[in-house]
Structure formats: structure tokens, C-alpha cells
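Each chain is listed here by its residues.
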Amino acid sequence: MNLFGFRCFHCDSVLSIDAHGFCSGCQQLVKSQPYCYHCGMSALEYRHYCGFCLKNEPKWHKLVRVGEYKSPLSHWVHRFKLQQQYWLDQALARQLLLAIKQAQREQALILPEVIMPVPLFWQRYWKRGFNQSELLGRWLAKWLAIPLDNSSLIRNRQTISQRDLTANERRKNLKRAFNYKPIKKYKRVAIIDDVLTTGSTLNAICAELLKSGIEEIQVWVLARA
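- Where an unreviewed UniProt entry is consulted, the chain appears under the name Amidophosphoribosyltransferase, with the organism given as Mannheimia pernigra.
- The Sequence similarities (unreviewed entry) comment attached to the chain in UniProt states, word for word, "Belongs to the ComF/GntX family."

Observations regarding the packing of helix H4 (residues 89–107) against helix H6 (residues 132–144)
When two helices pack together, their arrangement is given by the angle between their axes and by how far apart the axes lie.
Consideration 1: Put simply, H4 and H6 touch, their axes get as near as 9 Å, and they point 55° apart. Of the possible angle classes, the one that applies to H4 and H6 is oblique. Viewed along their axes, H4 and H6 form a crossing whose handedness is right-handed. Note on element contacts: H6 touches H4 through Leu 135, Leu 136, Trp 139, Leu 140, Trp 143 and Leu 144, opposite Asp 89, Gln 90, Leu 92, Ala 93, Arg 94, Leu 96, Leu 97, Ile 100 and Lys 101.
Consideration 2: Of the residues assigned to the contact of H4 with H6, the class counts are 11 nonpolar, 1 polar and 3 charged.

Observations concerning the pattern of salt bridges
Consideration 1: Under the criterion given, the structure shown has 6 salt bridges.
Consideration 2: Each member of the salt-bridge network shares a partner with another, and the members are Lys 62, Arg 188 and Glu 216.

A word on the packing of aromatic side chains
Consideration 1: By the definition in use, this model includes 10 aromatic pairs.
Consideration 2: Both rings, one in Phe 22 and one in Trp 76, keep their centres 3.8 Å apart while their planes meet at 15°; by these two values the pair is stacked. Remark: Trp 76 occurs in helix H3 (residues 73–82) and Phe 22 occurs in the segment before helix H1 (24–27); sequence separation between them is 54 residues. As far as the burial class goes, Phe 22 and Trp 76 line up, both buried.

Some words on the nonpolar core
Looking at soluble globular proteins, one finds that nonpolar side chains tend to be buried together.
Consideration 1: In terms of nonpolar packing, the biggest core is built from 61 residues, with Val 64, Leu 96, Leu 140, Val 189, Ile 191 and Trp 220 touching the most fellow members.
Consideration 2: Looking at which element gives the most residues to this core, the answer is H4, with 8 residues.

Parameters at a glance
- The numbering scheme is per chain: residues are counted from 1 as the chain's sequence reads.
- Predicted model: local features are reported for residues with pLDDT of at least 70 only, side-chain atom pairs are reported and counted for 80 or more only, and whole-chain, interface and lining totals are derived from all residues.
- The basis for every side-chain value is the complete set of non-hydrogen atoms in the structure, without hydrogens or water.
- UniProt positions are given in the numbering used here, feature names are shortened, and annotations may be inferred rather than shown by experiment.
- The axes are straight lines fitted to the C-alpha atoms, using for helices just the contacting stretch, and the angles between their N-to-C directions are given from 0 to 180°.
- Numbering of helices and strands starts at the N terminus; helices are DSSP runs of H or I of at least 4 residues and strands are runs of E of at least 2.
- Roughly parallel means an angle under 35 degrees; roughly antiparallel, over 145; roughly perpendicular, 65 to 115; everything else is oblique.
- For a crossing to be left-handed, the near helix must be turned anticlockwise from the far one by less than a right angle; the clockwise case is right-handed.
- The criterion used for residue contact is that any of the two residues' heavy atoms lie within 4.5 Å.
- In this classification, the charged set is Asp, Glu, Lys and Arg, the nonpolar set is Ala, Val, Leu, Ile, Met, Phe, Trp, Tyr, Cys and Pro, and all remaining amino acids, among them Gly, are polar.
- By definition here, a salt bridge exists when the distance from a side-chain nitrogen of Lys or Arg to a carboxyl oxygen of Asp or Glu is within 4 Å.
- A pair of Phe, Tyr and Trp rings is counted when the ring centres sit within 6.5 Å of each other, with Trp represented by its six-membered ring. The angle between the planes then sorts it: under 30 degrees is stacked, over 60 is edge-to-face, the rest tilted.
- Summary of the burial criterion: residues with accessible area below 20% of their type's maximum are buried, those above 50% are exposed, and those between are partly exposed, where the area comes from a 1.4 Å probe applied to protein chains only.
- Nonpolar cores were defined as sets of buried Ala, Val, Leu, Ile, Met, Phe, Trp, Tyr and Cys residues, with membership established by side-chain atoms within 4.5 Å.

Spelled out as C-alpha cells, the structure:
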């Protein structure tokens, strides 16, 4: 139902269901592509391990993604994260919900006990006004009936962008950047973020979680770059 005439965030056509945010035509522009359920890299077929994992094995155990960081998904994420269009949160969270449901059907994904957004350092949070990962997590926590914990995982300091750094520079950049002080003991958690690029940030977070005895870490992202 769309009693108030809400329009698609991408093409501006009238929506059949207002809560979806994107019309069915624009939804189909996000190409479904097989990927590795461990590292998230695209593959010729769905698989649980790939050659990229052998060279750069992630510290997390399972990954769910919507798609590659390509248009229109990359454009939507950019608007949401960097153009202050925080009202895209529900529509983008729905994209991730559909990917999670698919993973439940096709890879027998077991839902975690808790969802944790990748934290922002307080200065960046203050400048942006919101944590995009937390906004996505709130919707998924509601729809999946899973608690959202935005207190246990803490970002201790600001870091620079990882994209142009060497492997050694990335390790130094993220050294002691995160701290994990769980409000309760968890065994299975999901870390949620908008985009996975090098994986260094998520690996640094996972290293802290694994120290506490967590048995399975899932990573949920909108896009894999």
C-alpha cells in the first residue's frame, strides 16, 4: 500500500509499497551474483571458500552481502553515508534483509544472538550526525527480533582511510583502534557495516571478539568492493 504517493528513491516513480523505498524495476538493477560465503568476493558459483581466502583469510567465519560495490548500489550507499541522506536506512536495510533470508535458505545460515554495528569514533559521529551501520542494524534487529548491541564494541581513536595504505601501514593504523567490553557473554554475533573494502577494519574488530571466546562471527554488509 502507498496511500501517500511515496516515490522510488532512485527513479522517482510511484511505489506500489511505500516501505520498500525502491521500485521493483530499480531493485532488479542490483544484479544478483554468486559470491564466496567466507570472504564475500564474487565467484562463478556460490561457495564457502575461495582462492582469495587462501591468500587473505578473513578472521570472521561467514559473510552476507547484497552485491558488488557498483551502480546503482554504490550510488545508494554513497547518498546514504556521505550525502547525509539517512532516510535511506530502511530501504537499504531491507536489501540486506533479503540477502540474509537468502543465506538462511541456501546456506543454512543460523542467525546470531546479537547484532553489533561497526562503531565510529566520537568525532566522526559528531561530524556526520549518525552511524550508518547502526541505522541499518536497528531495522534488522527489529525485523529479525535480534538485540542490537551498540555498547560492547568501542572505537578508541580515529583512523585514516585504509584504501591507499600498505598492509603494514594498515596494521599500524588499526593497532589498538578497537576495544571489546561485552555487556553479556555471546557465542555467535553479526558485525554490520555498509561496505567491505580491504577487510582490515573488520579483521581488527574480529581479533578483539575472538579473544573473548566468541565462536562464530558473521559479517553483514551492503556491498563488497
